[in-house]
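Single-letter residue listing:
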Amino acid sequence: MVLRLFLWLSTFFIISVLLLTQSRGTYLAFGITVIVMLLIVLPVRWRWRLLLGLVLTAVMLAVFLFQSNGWEGFISLLGLTGQTGFSLDSLASRLEIWTRAIYGVQDFPFTGMGINTFREVIHVLYPLFTIPPDIDIAHAHNEFLQVALDLGIPGLIAFTSIYIISLWMFVQIWKYPQSGGTTAITPHFLYEQGLRRVMALGLGGGLFGHMLFGMTDAITLGAKPGIFYWMLLGLITGLYKKSKIENIRLKIEN
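1. Digging into the overall build of the protein chain
The secondary structure content of the protein chain amounts to 9 helices and 0 strands. Overall, the protein chain shows an N-to-C arrangement of helices and strands of α-α-α-α-α-α-α-α-α. In the protein chain, which comprises 254 residues, the proportion classed as buried is 33%. Taking contacts inside the protein chain between residues at least 6 apart in sequence as the whole, the part at least 24 apart equals 65%.

Okay, here's the thing in structure tokens:
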């Protein structure tokens, strides 16, 4: 009972923080991640119903956008004009930053320009037209472009492989049979029926959401909040190792 209350309070706190950030990339990543997670856990007939609902929602949204003369008119109709989280004003500047980041990758393809140096180099080598030079551009607003800028294309390949391997481990955890209880060989609460999959879904969903968020924003490799990303990878790896040991035990018993 106490654990469930703690989980609900934690969920409420995290969702509240997410809403207060007014980050469009976060909203989009969260929404897509929730949909993908539902498609994984729902029965087949409910998956088709969910997909049908998404298609109908997309059609209705397209109609509303057309009748409202675009996104800005739609936001004005909802009374959210003053909310920066729903504005498209920063899209042009973000596109410009992406183009400058691509130029940087082309100029420093093998070694990169160094961690946390893009913010200094961009105004010197790649001047911006829509952003004044006194504005600090902390990162490229794209996680993969930022890694390529910091570490070069070899670093980008290594970083991308981390995502691929981690998502592969999630798939393996999901495929492993559920033992339904603990034994004297592996007395661990992770082997209770279904709990391992629930944890894998949460960790895998978090990683997938982070990847989607990284398409429009970035947490640089040297930034302090980045520790949560590496903690997430560590938890996925630990759960995979535990699941693999349990799978070997089941094969021996059978």
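Following the structure, the description resumes.
2. So, unusual backbone geometry
With the exception of glycine, the majority of residues adopt a negative phi angle, and the majority of peptide bonds are in the trans configuration. Although it is not a glycine, Asn 116 sits at a positive phi angle of roughly 65°. Tracing the sequence through the fold places Asn 116 in the loop between α5 (91-107) and α6 (118-125). Taking relative accessible area as the criterion, Asn 116 reaches 41% and is therefore assigned partly exposed. Within the chain, His 141 stands out as a residue other than glycine whose phi angle is a positive 60°. Position of His 141 among the secondary structure elements: in the loop between α6 and α7 (143-175).

3. Here's the deal with the packing of aromatic side chains
A full pass over the atoms with the stated rule returns 9 aromatic pairs. A ring pair is formed by Phe 159 and Tyr 163, whose centres lie 5.5 Å apart and whose planes are at 80°; its orientation type is edge-to-face. Here Tyr 163 and Phe 159 lie together in helix α7, a separation of 4 residues that amounts to about one turn. With a relative accessible area of 5%, Phe 159 lands in the buried category. With centroids separated by 6.0 Å and ring planes inclined at 35°, the aromatic side chains of Phe 159 and Tyr 229 adopt a geometry described as tilted. Taken together, the residues Phe 159 in helix α7 and Tyr 229 in helix α9 (residues 227-253) connect sequence positions 70 residues apart. The rings of Phe 144, Phe 159, Tyr 163, Tyr 229 and Trp 230 are connected pair by pair, giving a single aromatic cluster. Over the face of the ring belonging to Trp 46 we find Arg 49, whose NZ or CZ atom lies 4.4 Å from the ring centre.

4. A short note on the packing of α7 against helix α8 (residues 195-213)
The N-to-C vectors of α7 and α8 enclose an angle of 160°; their axes lie 11 Å apart at closest approach. It follows from the interaxial angle that α7 and α8 lie roughly antiparallel. Judged by the sense of rotation from one axis to the other, the crossing of α7 with α8 is left-handed. Within the contact between the two elements, α7 uses Glu 143, Phe 144, Tyr 163, Ser 166, Leu 167, Phe 170, Ile 173 and Trp 174 and α8 uses Arg 196, Arg 197, Ala 200, Leu 201, Gly 204, Leu 207, His 210 and Met 211. Within the contact of α7 with α8, the residues separate by chemical class into 10 nonpolar, 3 polar and 3 charged.

5. Quick notes on the environment of Tyr 240
Inspection of the secondary structure assignment puts Tyr 240 in helix α9. Separated by 68 residues in sequence, Tyr 240 and Gln 172 place their C-alpha atoms 7.6 Å apart. With residues up to four places along the chain from it excluded, the contact list for Tyr 240 reads Trp 168, Met 169, Gln 172, Ile 173 and Tyr 176.

6. Focus: the packing of α7 against α9
Here α7 crosses α9 at 40°, and the two axes come no closer than 9 Å. As summarised for this structure, α7 and α9 are arranged oblique, according to the angle between their axes. Relative to α9, the crossing made by α7 is left-handed. Across the interface between the two elements, Phe 159, Ile 162, Tyr 163, Ser 166, Trp 168, Met 169, Gln 172 and Ile 173 of α7 pack against Tyr 229, Trp 230, Leu 233, Ile 236, Thr 237, Leu 239, Tyr 240 and Ser 243 of α9. A class-by-class count of the residues in the contact of α7 with α9 yields 12 nonpolar, 4 polar and no charged.

Conventions we followed
- Residues numbered from 1 in each chain as written.
- Predicted model: local features only at pLDDT ≥ 70, side-chain atom pairs only at ≥ 80, totals over all residues.
- Heavy atoms only, no water.
- Helix = DSSP H or I, 4+ residues; strand = E, 2+ residues; numbered from the N terminus.
- Buried < 20%, exposed > 50% of the residue type's maximum accessible area, 1.4 Å probe, protein only.
- Contact = heavy atoms within 4.5 Å.
- Phe/Tyr/Trp six-rings, centres within 6.5 Å; stacked < 30°, edge-to-face > 60°.
- Lys NZ or Arg CZ within 6 Å of the ring centre and 35° of its normal.
- Axes fitted to C-alpha atoms, helices over the stretch in contact; angles between N-to-C directions.
- Parallel < 35°, antiparallel > 145°, perpendicular 65-115°, else oblique.
- Left-handed = near helix turned anticlockwise from the far one by under 90°.
- Nonpolar A, V, L, I, M, F, W, Y, C, P; charged D, E, K, R; others polar.

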